[in-house]
Amino acid sequence: MKICRTIAEVRAFRQTLVQGVGCVPTMGYLHAGHAALVQASQAAHPATIVTLFVNPAQFNAAEDLANYPRDEAGDLAKLVSWGVTAVFIPTVAEIYPTGYQTYIDVEEVSQGLEGQYRPGHFRGVATVVAKLLNIIQPSHAYFGQKDAQQVAVVRQMVQDLALPVEIMACPTVRESDGLALSSRNARLSPAERRAAPVLYRALRQTQDAYQAGERLAETLVEQARAIIHAEPLVRLEYLSLNDPQTLKPLAGTLAGSALLSLAAYCGPVRLIDNLLLAKHSEHL
Ligand code: PAF
């Protein structure tokens, strides 16, 4: 596996790869969710480049950035065992050198949901993803559906800026009790870890209600909210039903599928999750 730390190095390596390249952008602390993205890329492309960069521009709290788990040696070992072609691990100064001043704002899709509670987050995500895609020049880039709004923001950016890349969303990978895999799960205490699967239970039971014919948005949201409220270690930040593409909030009788998404604190750890309410199992 080729390890590149500078833009010049990864560009030079990229030029040796004649065929299409899949790219998996990550912030490291890799888990089975990332492995699934890598596998999806490897199934479709002869070469897969993973990027590993904890992007300061997308953290709105300095504390969250400082607490973000990191394990470069462990990540490199995993990437080797997964058979990745190359990894790009830039420093902050490589991506944001002194004098850096260009940012991308995806105006509408970035509003609401995560955007409401993490001001500036998607500006940071869009900026770094655009820069990484521009450096790597993959034909396809792979993202997890767990970050549904991130997928929508990146897709809108790619469309608006006519970036020559296809954005692929892969299904959320879960623990056996339903908890969505996240690097942040490592920070849950044992009691919090036991409480956290209530989020998926609430999403699933609401999906069941939708599939059984319930179409009133308020009833569906209330049902999920009540399930989560019954768990004292979990504090809901938001729970929302939105159009799966535009992310506009939905109310009243649902005419089609809807994205049910939430953020909740489990102790000090902020978790997000979502499920698509659709007649049959579908994903974004
Ligand atoms: O999903 C993530 O890990 C990050 O938001 C991403 C896409 C790597 C951009 O920093």
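Here is a short report on the structure shown in this document.

Procedures and definitions
- Residues numbered from 1 in each chain as written.
- Predicted model: local features only at pLDDT ≥ 70, side-chain atom pairs only at ≥ 80, totals over all residues.
- Heavy atoms only, no water.
- Phe/Tyr/Trp six-rings, centres within 6.5 Å; stacked < 30°, edge-to-face > 60°.
- Buried < 20%, exposed > 50% of the residue type's maximum accessible area, 1.4 Å probe, protein only.
- Lys NZ or Arg CZ within 6 Å of the ring centre and 35° of its normal.
- Near = heavy atom within 4 Å.
- Polar contact = N/O pair within 3.5 Å; in protein donor to acceptor, adjacent residues only side chain to side chain.
- Areas by Shrake-Rupley, 256 points an atom, 1.4 Å probe, with all protein chains shown as cover.
- Nonpolar A, V, L, I, M, F, W, Y, C, P; charged D, E, K, R; others polar.
- Helix = DSSP H or I, 4+ residues; strand = E, 2+ residues; numbered from the N terminus.
- Pairing = 2+ DSSP bridges.
- Right-handed = clockwise from strand over helix to strand, strands pointing away.
- Axes fitted to C-alpha atoms, helices over the stretch in contact; angles between N-to-C directions.
- Contact = heavy atoms within 4.5 Å.
- Core = buried A, V, L, I, M, F, W, Y, C linked by side-chain atoms within 4.5 Å.
- Patch = residues over 30% accessible without salt bridge, like charges linked within 9 Å, V, L, I, M, F, W, Y side chains within 5 Å.
- Salt bridge = Lys/Arg side-chain N within 4 Å of Asp/Glu carboxyl O.
- Arc of directions from axis to C-beta.
- Lys, Arg positive; Asp, Glu negative; His and termini not counted.

**Structural notes on the packing of aromatic side chains**
Right, so step 1: Scanning all chains against the criterion turns up five aromatic pairs.
Right, so step 2: When the centroid spacing of 5.1 Å and the interplanar angle of 90° are considered together, the rings of Tyr96 and Tyr100 count as edge-to-face.
Right, so step 3: Judged by its relative accessible area of 14%, Tyr96 falls in the buried class.
Right, so step 4: A relative accessible area of 24% means that Tyr100 is categorised as partly exposed.
Right, so step 5: An aromatic cluster is built from Phe53, Tyr96, Tyr100 and Tyr103, whose rings are joined through pairwise contacts.
Right, so step 6: Above the ring of Tyr210, the side-chain terminus of Arg215 is found at 3.8 Å from the ring centroid.

**Observations regarding the site of the ligand**
Right, so step 1: Around the ligand, the structure places Pro25, Thr26, Met27, Asn55, Gln58, Val128, Phe143 and Gln150.
Right, so step 2: Gln58 is positioned with one of its side-chain polar atoms (N or O) 2.6 Å from an oxygen atom of the ligand.
Right, so step 3: Within the side chain of Gln150, one N or O atom sits 2.6 Å away from an oxygen atom of the ligand.
Right, so step 4: Expressed as a share of its isolated accessible area of 290 Å², the protein-covered part of the ligand is 89%.
Right, so step 5: Split into classes, the residues belonging to the shell around the ligand amount to four nonpolar, four polar and no charged.

**Looking at the pairing of strand β2 (residues 21–26)**
Right, so step 1: Counting buried positions along β2 gives six out of six residues, so the element sits mostly inside the fold.
Right, so step 2: The alternating pattern of β2 places Val21, Cys23 and Pro25 on one face and Gly22, Val24 and Thr26 on the opposite face, and all of these are buried.
Right, so step 3: Taken together, the six bridges between β2 and strand β3 (residues 47–52) define a ladder with parallel strand orientation. Each bridged residue has a counterpart across the sheet, and for Cys23 the counterpart in β3 is Ile49.
Right, so step 4: Between the parallel elements β2 and β3, the chain passes through helix α2 (residues 32–44) in a crossover that is right-handed.
Right, so step 5: Inspection of the sheet shows β2 paired to strand β5 (residues 140–144) by two bridges, in the parallel sense. Its bridge partner lying in β5, Cys23 is registered against Ala141.

**Brief notes about the sheet that holds strand β9 (residues 269–277)**
Right, so step 1: The three strands are arranged β7-β8-β9 in an open sheet whose pairing can be described as antiparallel. Since the sheet does not close on itself, it has two edges, and those belong to β7 (234–242) and β9, each with one partner. Averaged over all pairs of adjacent strands, the angle between strand axes in this sheet comes to 15°, irrespective of strand direction.
Right, so step 2: Here β7 runs beside strand β8 (residues 258–266); their pairing, made up of eight bridges, is antiparallel. Within the sheet, the bridge partner assigned to Arg235 lies in β8 and is Tyr265.
Right, so step 3: Along the sheet, helix α10 (residues 198–211) makes contact with β7, β8 and β9, crossing β9 at roughly 15°.

**Considering the nonpolar core**
Right, so step 1: Counting 47 residues, the largest nonpolar core has Phe88, Ile95, Val129, Val154, Met157 and Ile167 as the members making the most contacts within it.
Right, so step 2: With ten residues, the single largest contributor to this core is helix α7 (residues 121–136).
Right, so step 3: Residues in contact with Val129, not counting those within four places in the same chain, are Phe143, Val154 and Met157.
Right, so step 4: Val198, Tyr200, Ala202 and Cys266 belong to the second largest nonpolar core, which has 31 residues in total.

**Describing a nonpolar patch on the surface**
Right, so step 1: Among the surface-exposed residues, Met1, Ile3 and Val80 lie close enough to one another that they form a single nonpolar patch of about 240 Å² accessible area.
Right, so step 2: Of note, Ile3 is situated in strand β1 (residues 2–4).
Right, so step 3: In this structure Ile3 comes out as partly exposed when scored by relative accessible area, which is 34%.

**Brief notes about the sheet that holds strand β4 (residues 86–88)**
Right, so step 1: Taken in spatial order, the six strands make up an open sheet running β1-β4-β3-β2-β5-β6, and their pairing is parallel. Edge strands, defined here as strands with exactly one partner in the open sheet, are β1 and β6 (166–170). When strand polarity is set aside, the average angle formed by the axes of neighbouring strands in this sheet is 25°.
Right, so step 2: Bridge count between β1 and β4: three bridges; the pairing is parallel.

**What about helix α1 (residues 7–16)?**
Right, so step 1: Those residues of α1 that sit buried are Ile7, Val10, Phe13 and Arg14. Viewed along the axis of α1, the buried residues span an arc of 135°, placing them on a single side of the element. Exposed side chains of α1 directed beyond 90 degrees from the buried face belong to Ala8, Gln15 and Thr16.

**Examining the side chain of Lys146**
Right, so step 1: Tracing the chain through its elements places Lys146 in the loop between β5 and α8 (148–160).
Right, so step 2: An unpaired buried charge is present at Lys146: no salt bridge exists, and Asp147, the closest side chain of opposite charge, is 4.4 Å distant.
Right, so step 3: Sequence-distant contacts of Lys146, that is, excluding residues within four places in its chain, are made with Thr172, Ala180, Leu181, Ser182, Ile272 and Asn274.

No statement about biological role is implied by the geometric values presented.
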